[in-house]
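# Coordinate analysis (summary)
The residues making up each chain are set out below.
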Amino acid sequence: MEPLSRVHVLAKAMRLHNGLACALILWVGRSRVEGSTVEINAIAGVAVVLLSSAAHLVNDLLDFGADRANRPDRALPAGLLSAADLRRAALSTWLAGMILGVVVIPEWTAWWLVWGLAGPGYSLIAKGRSWLAPIWTAIVIASCWAAGALEGGLRLLDVPVFAGMVLYLVFRERVKALEDSPGDVLAGHRAMTCTFSGTPLGVLCLGATLVPFGVWLAYSGSGLLVHLAALLFLACLVGGGWSLLNPRPRVPHLAGSLLKVGAFAGVTLLWIVVP
């Protein structure tokens, strides 16, 4: 494979868009920190993207069995990269992210350790464990915002906002678990529970609790961008729920993809509406 093609495949394996989402959430929290600068925040964002990339690469290494069934086009099951390639890339991105983070914001060393360990820790500890996995992911991602919000001073609205972020991320992870359940079972991961909370309808009921949160955000701010972002957030929420109950074989992982778009719309609302 040509060098440029390998770089493209590796970049895809790193899921940079997920890291960017975490960086955006970090920047929203950092906007409340007195004395924070664009330069510092930009470097911190790069560090978060690198740590997120390392976490995804570790996940690909440890989740090879499930990916062969759920996502055969990924680099490792497709034979585009070797396990050694992923190990080297994971170690390099992890070290670079940790060093950048600690150097640029040394007072956040504890946070950098949490984020640096929590990413690979998900694949080692939480993956395949019914409620632990989505809650783990949700709290780690939401903490990117909480770090800056706490340093800037806790406010009354921070509690429902943090809860709403965690709930949305838990909902999306549960949707992904349903979409991936056939391959996860083949790989030996613990399947979704047989209780109502593990059924498509049960997961949809969890997501329905987010609709008032989206409506509240829409009416908490003014301007065209706020209303468009709120409409997109709610449309992705409804669309993801519809796709969950009516899966289309030719459009795999549609519900999870729609909810990912909704997450970016939610970040826009978080930035503009929440003080």
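Note that the coordinates shown come from a computational prediction; the quantities given were computed from them, not determined experimentally.

So, how was this worked out
- Residues numbered from 1 in each chain as written.
- Predicted model: local features only at pLDDT ≥ 70, side-chain atom pairs only at ≥ 80, totals over all residues.
- Heavy atoms only, no water.
- Helix = DSSP H or I, 4+ residues; strand = E, 2+ residues; numbered from the N terminus.
- Buried < 20%, exposed > 50% of the residue type's maximum accessible area, 1.4 Å probe, protein only.
- Contact = heavy atoms within 4.5 Å.
- Areas by Shrake-Rupley, 256 points an atom, 1.4 Å probe, with all protein chains shown as cover.
- Core = buried A, V, L, I, M, F, W, Y, C linked by side-chain atoms within 4.5 Å.
- Phe/Tyr/Trp six-rings, centres within 6.5 Å; stacked < 30°, edge-to-face > 60°.
- Patch = residues over 30% accessible without salt bridge, like charges linked within 9 Å, V, L, I, M, F, W, Y side chains within 5 Å.
- Salt bridge = Lys/Arg side-chain N within 4 Å of Asp/Glu carboxyl O.
- Axes fitted to C-alpha atoms, helices over the stretch in contact; angles between N-to-C directions.
- Parallel < 35°, antiparallel > 145°, perpendicular 65-115°, else oblique.
- Left-handed = near helix turned anticlockwise from the far one by under 90°.
- Nonpolar A, V, L, I, M, F, W, Y, C, P; charged D, E, K, R; others polar.

### As for the overall build of the protein
- When you go through the protein residue by residue, the secondary structure sums to 12 helices and 0 strands.
- Across the protein, helices and strands are ordered from the amino to the carboxyl terminus as α-α-α-α-α-α-α-α-α-α-α-α.
- For the protein, the proportion of its 275 residues judged to be buried stands at 48%.
- At a minimum sequence separation of 6, the contacts of the protein that also span at least 24 residues come to 73%.
- Surface exposure of the protein reaches about 13,400 Å², of which carbon and sulfur atoms provide 72%.

### Thoughts on the nonpolar core
- Counting residues in each nonpolar core, the largest one holds 30 residues, and the members touching the most others are Ile25, Leu26, Trp108, Trp112, Trp115, Trp145 and Met165.
- With 8 residues, the single largest contributor to this core is helix H7 (residues 132-152).
- Filtering out sequence-adjacent residues up to four positions away, Met165 remains in contact with Ile25, Ala142, Trp145 and Leu270.
- Counting 21 residues, the second largest nonpolar core, distinct from the first, contains Val203, Ala218, Ala230 and Ala265.

### Section: unusual backbone geometry
- Although it is not a glycine, Arg15 sits at a positive phi angle of roughly 50°.
- For Arg15, the location among the structural elements is in the loop between helix H1 (3-13) and helix H2 (16-30).

### Side note on the packing of aromatic side chains
- The final tally for this structure, using the stated rule, is 4 aromatic pairs.
- Plain terms: the ring middles of Trp108 and Trp115 are 6.1 Å apart, the flat faces sit at 75° to each other, and that makes the pair edge-to-face. The same class applies to Trp108 as to Trp115, namely buried.
- Connected via pairs of aromatic rings, a cluster forms that spans Trp108, Trp111, Trp112 and Trp115.

### Side note on a nonpolar patch on the surface
- Side chains of Leu62, Leu124, Ile125 and Leu132 sit close together on the surface and give an oily, nonpolar patch of about 390 Å² of accessible area.
- Secondary-structure assignment places Leu62 in helix H3 (residues 38-62).
- A relative accessible area of 47% places Leu62 in the partly exposed class.

### Remarks on the packing of H2 against helix H12 (residues 254-273)
- Across the interface, H2 lies against H12 with an axial gap of 10 Å and an inter-helix angle of 15°. Taken together, the axes of H2 and H12 are roughly parallel relative to one another. In this structure, H2 crosses over H12, and the sense of that crossing is left-handed. Facing His17, Asn18, Ala21, Leu24, Ile25, Trp27 and Val28 of H2, the residues of H12 in contact are Lys260, Phe264, Val267, Leu270 and Trp271.
- For the contact of H2 with H12, the residue count by class is 9 nonpolar, 2 polar and 1 charged.

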